[in-house]
Amino acid sequence: MPAVGVMTSAFVDGAELMAHACGAPDYGFAVIEHPISSATDIELLERAGEIVRQAEELVLAGGPLGTP
């Protein structure tokens, strides 16, 4: 089943290291700006829209993400 890792920019380095260690160095992630705890409701809605756009792009692209 296709899946997308979703995170803020502060966690990208760690996620890339983990993906590489798990044998998936090209695993794609959907990333939004950090932090989210201080974001306004409008900013959160904008970031959620960006995550959906990125996730759709990653899943539809196939590759490591869309391939069983």
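The structure under discussion appears in the preceding block.
Conventions we followed
Residues numbered from 1 in each chain as written. Predicted model: local features only at pLDDT ≥ 70, side-chain atom pairs only at ≥ 80, totals over all residues. Heavy atoms only, no water. Helix = DSSP H or I, 4+ residues; strand = E, 2+ residues; numbered from the N terminus. Buried < 20%, exposed > 50% of the residue type's maximum accessible area, 1.4 Å probe, protein only. Contact = heavy atoms within 4.5 Å. Areas by Shrake-Rupley, 256 points an atom, 1.4 Å probe, with all protein chains shown as cover. Pairing = 2+ DSSP bridges. Right-handed = clockwise from strand over helix to strand, strands pointing away. Core = buried A, V, L, I, M, F, W, Y, C linked by side-chain atoms within 4.5 Å.

**Student:** Give me the overall build of the protein: which residues, what numbers.
**Tutor:** The helix and strand tally for the protein stands at two helices and two strands. When the helices and strands of the protein are listed from N to C terminus, the series reads β-α-β-α. Counting only C-alpha atoms, the protein reaches 35 × 25 × 15 Å along its principal axes. Out of the 68 residues belonging to the protein, those deemed buried represent 24%. In the protein, of all internal contacts separated by at least 6 residues, the share reaching a separation of at least 24 is 53%. For the protein, the exposed surface amounts to about 4800 Å²; the carbon and sulfur share of it is 63%.

**Student:** Hey, could you go over the pairing of strand 1 (residues 5-8) for me, with residue numbers and the actual values?
**Tutor:** With four bridges connecting them, strand 1 and strand 2 (residues 29-32) associate as parallel partners. Residue pairing for strand 2: Val6 is matched across the bridge by Ala30. Taking the sense of rotation as the criterion, the β-α-β connection linking strand 1, helix 1 (residues 12-21) and strand 2 turns out right-handed.

**Student:** Give me the lowdown on the nonpolar core, citing residues and values where you can.
**Tutor:** Grouped together as the largest cluster of nonpolar side chains are five residues: Met7, Val12, Ala15, Ala19 and Phe29. Non-local contacts of Met7, meaning those with residues more than four positions away in its chain, are made with Val12, Ala15, Phe29, Ala30, Val31 and Ile32.

**Student:** Outline the side chain of Gln54, supporting the account with residue identities and numerical values.
**Tutor:** With respect to the element layout, Gln54 can be found in helix 2 (residues 41-61). Excluding anything up to four places from it in sequence, Gln54 contacts Phe29, Ala30 and Val31.

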